[in-house]
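A closer look at the structure
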Amino acid sequence: MIGKLTGRLDYRAADHVLIDVRGVGYIVYCSDRTMAALPGVGEAVSIYTDMVVREDLMQLYGFLSLVEKEWHRLLCSVQGVGAKVSLAILSALGPDGVSRSIALGDWGAVKAAKGVGPKTAQRIVLDLKDKAPGVMAMGGTITEAMDGPELEVVELAEPALAPKRASRPPSGAAAASAGALSALANLGYGPSDAAAAVAEAAASQQDAGETDLIRAALRLLAPKG
């Protein structure tokens, strides 16, 4: 399986790019947000990939972070959700938005994605709510998202084609949320409750650091009355 591609971006379409890796062109489908973050034609690019192989299909999907790739994998595991719907959700919300929406049980936000009906949105939230804490915690481990050594890498030999750091998405907010989740877990809070509190705190304080998120989440988790 191809887990990551490093090469030169040769062509852009509405929903996919062509990446040249040592003379071999790979067509990679991406969410709108990932497409917008990729460099221009002719520039170096590095992207994580998920490969779907069926009897009648062999297709690559691309992601700028392991969190986005993991959400794509989980979304596609839900009955009635394929790669097209998954990319639509990631396009509308981004990986952090998906984490928050599912942790909070906000199926209305998921429904806002193109092609997602209310029943499908509710099923996604119900099926994946317990998975949200684990994916959110990944945010603290991918500050070097484009350099993950655990994936199979197809790389160009020329050092001039090293990917530009500017194309890497910022990881500060994800790292802060991951740190807050870890702190709440150490205090004995359950993963789902902690994830929902951190997601709500992050939504109301978008520039908050880890300490601020912990304080806000603890206020939300405090007994009422």
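Notes on the structure follow. (Residues numbered from 1 in each chain as written. Predicted model: local features only at pLDDT ≥ 70, side-chain atom pairs only at ≥ 80, totals over all residues. Heavy atoms only, no water.)

Here five bridges tie strand 1 (residues 4–12) to strand 4 (residues 44–54), and the two strands are oriented antiparallel to one another. In the sheet register, Leu5 faces strand 4, and the bridge partner there is Ile47. Summarising the sheet, strand 1 and strand 2 (residues 16–21) pair through four bridges and their orientation is antiparallel. The partner of Tyr11 across the bridge, within strand 2, is Leu18. Between the antiparallel neighbours strand 1 and strand 2 lie three residues. (Pairing = 2+ DSSP bridges. Helix = DSSP H or I, 4+ residues; strand = E, 2+ residues; numbered from the N terminus.)

Between its first and last C-alpha atoms helix 3 (residues 83–104) spans 23 Å; for 22 residues at 1.5 Å apiece the expected length is 32 Å, and the helix comes up short by more than 12%. Its maximal kink placed at Gly94, helix 3 deviates by approximately 90 degrees, while the proline Pro95 follows within four residues. Two residues or fewer past helix 3, Gly105 is found with a positive phi of approximately 70 degrees. (Expected span 1.5 Å × (residues − 1). Bend = angle between axes of the 7 residues up to and from the residue.)

Once that is clear, we can look at the packing of aromatic side chains. What the rule picks out here adds up to one aromatic pair. Here Tyr29 and Tyr61 contribute two aromatic rings whose centre-to-centre distance is 6.2 Å and whose plane-to-plane angle is 45 degrees, an arrangement assigned as tilted. Of this pair, Tyr29 sits in strand 3 (residues 24–30) while Tyr61 sits in strand 5 (residues 57–63), and the two are 32 residues apart along the sequence. Judged by its relative accessible area of 22%, Tyr29 is partly exposed. (Phe/Tyr/Trp six-rings, centres within 6.5 Å; stacked < 30°, edge-to-face > 60°. Buried < 20%, exposed > 50% of the residue type's maximum accessible area, 1.4 Å probe, protein only.)

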